[in-house]
Amino acid sequence: MSKIAICIGVNNVANFTPLKGATLGAIEFSKWASAQGYETKLFTDEKGNLVRVREIYDFIKDCLEEMRYEQIIVYFSGHGISRGPNQEFWYLSEGGDNDNEIIGLTRSADDARNCQIKYVLFISDACRSLPTDYYQPTSGQTLFAKQKVSTNNTIDIFYATRPGAPAYEIAGDNLKDAHGIFTESLIDYLSGEVPETVVNNDIDEGTEIKRYLSKYYDPVKLSADINYKSLREENQKWIISAPEVDLKLKEYVESRAFGVTQGQSPEIRVQNHKTEYPLATFTDIQGKNLMLKNWIISKPVVQPAHPGMFKVNVLKDVKDLSINLWNNKSDQNHLAIQVENVAEKNVFVSDKLFKDPLYDQYTGIELIGETMIDFITPAYSRNIPWRYRNSNSISFHHEQPYKYSSFGLLLLENGRSIPVAVIEGFVAQLIFKDGYLFTVNYTPVKSNSLNYSQFQEKKEMIIQKRNLVAIAANNGFNYEDTFKKIDFGKLGYDDAGSFLRYGKALDPSLGLYAAYAFRETGNFDKIRSVYDYMILDNPVVPFDVAMLAGKLDETSIASFCPVMSSGWAYRDLYEKFINKEILEATKYLEPGLWTTFSVKGTELLINLINDNHIK
């Protein structure tokens, strides 16, 4: 199997504090990859070299055109930031003062889904901290040339740290010893230091547990006679692939960071592997020696991180969840256990967060947990298509002799603003926690009689889905990780996206969440299916759904931009459909789960709307 590892290491970025171990990390990972039979290519800023996007892009493009490789690893060590869920950026040498030298990880991974390489792994040993100011990129450059081919490849991403947190490096006794905790741990892990994660999936001895190296060999018998037992076939190998990395790397890194730094907990995003793609391979004798080495020589003790390290909040109820993912830095494992616990009880979370709208006759908007200052709509609507009900809700009266807009800009007390999709026949409930938009639901009103009656019949099911989305919201809308503990097959669904989309006619937000869940796993056919059904259900389709389906030019759209912040990672999908002046306002997006503009961005948008530049 032909495979290549492209290793990028950047210590020095303009306007950033110089790193000491990023370049060394790329070199060390390249050495490991070479020893494992990968071809390798290094891009580092050693000796004053500049690492540029174009050089990496062109190299990967050549790899794609040659069609020689079945696996590609793209490794990066250096400075990174995150603006929100799935908005991850890598900074190259000139990235500190040139947006064209910043790599968009999500965009690159998305484009990689349309290449003919069967398996692509991105490894990011970089911070995922918030930017220090709001004037930051919203998309970044891609590393993968667009190839319009129909593929069913697998894309995995290993993040060195959790969302909103830094990735640490240890300086050592001198600069030559500097290294990133994640890179060092990953190399050791892939070198077989954790035998219970080394497998042979060809083994079949009546029990699945035997396929693990640590279970297949008895170290006592092995130490007495190394040939007491062997793999049955001479050419069989022991391997570590991404699903095995997902087993224990997180706690392995946490144990090494324990007491050395403020704590570091990686995030491993692994798709469902229908085909095996080994990252590391060992012969049978190498496997035996790994067992003996780790039995004779004490390996690092994997111990739980200090309970206060990650500031995890106990989730007693959904009302205790906090929208501010970045401040709380919720531990992924904690959330997975929480989901598992509530799923076993067949109750996802309390429905106290969700309640019937204050009024149920007219299309409208309702805020829970925040005060509405104004709702700005295009001038062609005479800017008066609604009536105040109170400081937390407004209604649109369809009997008025004008047609109201399908979107508006919601102004909040602190000068920030949020774009809102207005869907006729529904009340949009915007639920805020700690001053930030947490989740959005749409509830059919009585005048929308068919959907209203069906909603009442299926209300329990809809609320169950909303509650599960609330848990995902606290996890940065990382559906794959949040839902991994739930057996959707037993519930009658193929995956999380299929679970969410059922009922989208009764709550269009479910279609929105489903589209992102499918995009996360690269299931484009199901995104298009969500879109096709939604254009039949309602007169307008949420911007995000149309964008992810590649249909922004084919239907009436609710909102003038992505309403979820994840949407801004797909610049190539929306750029030619959005007014360039709106793109100027995106420089003032606030980090978070939902698109939120700061005061400066709000001022720009109000002027554009009032001047009829946004329709």
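The rules behind the values
- Residues numbered from 1 in each chain as written.
- Predicted model: local features only at pLDDT ≥ 70, side-chain atom pairs only at ≥ 80, totals over all residues.
- Heavy atoms only, no water.
- Helix = DSSP H or I, 4+ residues; strand = E, 2+ residues; numbered from the N terminus.
- Buried < 20%, exposed > 50% of the residue type's maximum accessible area, 1.4 Å probe, protein only.
- Contact = heavy atoms within 4.5 Å.
- Areas by Shrake-Rupley, 256 points an atom, 1.4 Å probe, with all protein chains shown as cover.
- Patch = residues over 30% accessible without salt bridge, like charges linked within 9 Å, V, L, I, M, F, W, Y side chains within 5 Å.
- Salt bridge = Lys/Arg side-chain N within 4 Å of Asp/Glu carboxyl O.
- Pairing = 2+ DSSP bridges.
- Core = buried A, V, L, I, M, F, W, Y, C linked by side-chain atoms within 4.5 Å.
- Polar contact = N/O pair within 3.5 Å; in protein donor to acceptor, adjacent residues only side chain to side chain.
- Axes fitted to C-alpha atoms, helices over the stretch in contact; angles between N-to-C directions.
- Parallel < 35°, antiparallel > 145°, perpendicular 65-115°, else oblique.
- Left-handed = near helix turned anticlockwise from the far one by under 90°.
- Phe/Tyr/Trp six-rings, centres within 6.5 Å; stacked < 30°, edge-to-face > 60°.
- Expected span 1.5 Å × (residues − 1).

A.B. asks: Pulling in residues and values, what's your account of the overall build of the chain?
C.D. replies: Across its full length, the chain holds 21 helices and 23 strands. Within the chain, the fraction of its 615 residues that count as buried is 59%. Considering only intrachain contacts with a sequence separation of at least 6, the fraction spanning at least 24 residues in the chain is 70%. Carbon and sulfur atoms make up 47% of the accessible area of the chain, which amounts to about 25200 Å² in all.

A.B. asks: If you had to explain a nonpolar patch on the surface to someone new, which residues and values would you point to?
C.D. replies: A contiguous nonpolar patch, built from Tyr-533, Ile-535 and Leu-536 and spanning about 330 Å² of accessible area, is present on the exposed surface. For Tyr-533, the location among the structural elements is in helix H17 (residues 524–537).

A.B. asks: Explain the pattern of salt bridges residue by residue, including any values.
C.D. replies: Considering all chains together, one arrives at 20 salt bridges under this definition. Between Glu-70 and Lys-118 there is a salt bridge whose closest N-O contact spans 3.2 Å. Residue Glu-70 is found in the loop between helix H2 (53–66) and strand S3 (71–78), and its partner Lys-118 is found in the loop between helix H3 (105–112) and strand S7 (119–126); the two are separated by 48 residues along the sequence. Judged by its relative accessible area of 27%, Glu-70 falls in the partly exposed class. A residue is classified by how much of its surface remains accessible, and Lys-118, at 45% relative accessible area, is partly exposed. The salt bridge involving Asp-110 is made with Arg-519; its shortest N-O contact spans 2.2 Å. With a gap of 409 residues between them, Asp-110 in helix H3 and Arg-519 in helix H16 (residues 508–520) connect regions that are remote in the sequence. With respect to class, Asp-110 is no different from Arg-519; both count as buried. Linked by salt bridges that have partners in common, Glu-88, Arg-128, Glu-267 and Arg-269 make up one network.

A.B. asks: Tell me what's going on with the pairing of strand S19 (residues 417–421), and back it up with residues and numbers.
C.D. replies: Among the five residues that make up S19, five are buried, leaving the element largely enclosed by the rest of the structure. The two faces of S19 match: Ser-417, Pro-419 and Ala-421 on one face and Ile-418 and Val-420 on the other face are all buried. In this antiparallel pair of consecutive strands, strand S18 (residues 407–412) and S19, the connection spans four residues, and Gly-415 shows a positive phi of 90°.

A.B. asks: Give a detailed account of the nonpolar core, specifying residues and quantitative values.
C.D. replies: Formed by 78 residues in total, the largest nonpolar core has its most connected members in Ile-365, Phe-375, Leu-410, Leu-430, Trp-594 and Leu-605. If we skip the residues at most four places from it in the chain, Leu-430 touches Ile-365, Glu-366, Leu-367, Ile-368, Leu-410, Val-420, Leu-437, Thr-439 and Val-440. Counting 46 residues, the second largest nonpolar core, distinct from the first, contains Phe-29, Ile-181, Leu-249 and Ala-257.

A.B. asks: Outline the side chain of Asn-448, supporting the account with residue identities and numerical values.
C.D. replies: Along the polypeptide, Asn-448 turns up in the loop between strand S21 (436–444) and helix H11 (449–457). We classify Asn-448 as buried; its relative accessible area is 17%. At a separation of 3.2 Å, a polar atom in the side chain of Asn-448 contacts the main-chain carbonyl oxygen of Gly-425. If we skip the residues at most four places from it in the chain, Asn-448 touches Gly-425 and Phe-426.

A.B. asks: I'd like to hear about the side chain of Ser-82, residue by residue, with values.
C.D. replies: On the secondary structure map, Ser-82 appears in strand S4 (residues 80–84). Separated by 3.5 Å, the side chain of Ser-82 and the backbone oxygen of Gln-87 make a polar contact.

A.B. asks: Explain the packing of H16 against H17 to me, and be specific about the residues and the numbers.
C.D. replies: Across the interface, H16 lies against H17 with an axial gap of 8 Å and an inter-helix angle of 165°. As far as their axial angle goes, H17 and H16 are roughly antiparallel. Along this stretch, H16 crosses H17, giving a crossing that reads as left-handed. Facing H16, whose interface residues are Pro-508, Gly-511, Ala-514, Ala-515, Phe-518 and Arg-519, H17 presents Phe-524, Lys-526, Ile-527, Val-530 and Met-534.

A.B. asks: For the packing of aromatic side chains, give the residues involved together with the corresponding values.
C.D. replies: Two numbers describe a pair of aromatic rings. These are the distance of the centres and the angle of the planes. Evaluated as defined, the whole model comprises 16 aromatic pairs. Ring centres of Phe-29 and Tyr-75 lie 4.7 Å apart, and the angle between their planes is 10°; this geometry places the pair in the stacked category. Taken as a pair, Phe-29 in helix H1 (residues 22–35) and Tyr-75 in strand S3 lie far apart in primary sequence, 46 residues in all. For the pair shown, Phe-29 and Tyr-75 are each scored as buried. Taken together, a centroid distance of 6.3 Å and an interplanar angle of 80° make the contact between Tyr-513 and Trp-594 edge-to-face. Note that Tyr-513 is positioned in helix H16 and Trp-594 in the loop between helix H20 (580–585) and helix H21 (599–610), a separation of 81 residues in sequence. Here Tyr-513 falls in the buried class, since its relative accessible area comes to 1%. These aromatic residues form a ring-pair network of at least three members: Phe-29, Trp-32, Tyr-38 and Tyr-75.

A.B. asks: Any details on the pairing of strand S14 (residues 363–368)? Residues and values, ideally.
C.D. replies: Within S14, six of the six residues are buried, which leaves the element mostly enclosed by the surrounding structure. Of the pairings in the sheet, the one linking S14 to strand S20 (residues 426–433) comprises five bridges and is parallel in character. Following the sheet pairing, Gly-364 is matched in S20 by Val-427.

A.B. asks: Give me H16: which residues, what numbers.
C.D. replies: An ideal rise of 1.5 Å per residue puts 18 Å on 13 residues; H16 measures up with 19 Å between its terminal C-alpha atoms. Among the 13 residues that make up H16, 13 are buried, leaving the element largely enclosed by the rest of the structure. Two residues or fewer after H16 comes Gly-522, characterised by a positive phi angle close to 75°.

A.B. asks: Quick rundown of H3? Include the residues and the values.
C.D. replies: Taking burial as the measure, the eight residues of H3 include eight buried ones, the bulk of the element. Residues of H3 that are buried include every one of Leu-105, Thr-106, Arg-107, Ser-108, Ala-109, Asp-110, Asp-111 and Ala-112, and no others.

A.B. asks: Explain the sheet that holds strand S5 (residues 87–91) residue by residue, including any values.
C.D. replies: What the three strands build is an open sheet, ordered S4-S5-S6; its pairing is antiparallel. Pairing within the sheet leaves two strands with one partner each, and these edge strands are S4 and strand S6 (102–104). Strand-to-strand, the axes of this sheet are offset by a mean angle of 25°, without reference to chain direction. Across four bridges, S4 lies against S5 in antiparallel orientation.

A.B. asks: Explain the environment of Tyr-436 residue by residue, including any values.
C.D. replies: Tracing the backbone through its elements, the reader meets Tyr-436 in strand S21. Residue Tyr-436 is classed as partly exposed on the basis of its relative accessible area of 28%. For the pair formed by Tyr-436 and Trp-594, sequence separation is 158 residues and the distance between their alpha carbons is 8.4 Å.

Functional significance is not addressed by these values, which are geometric in nature.
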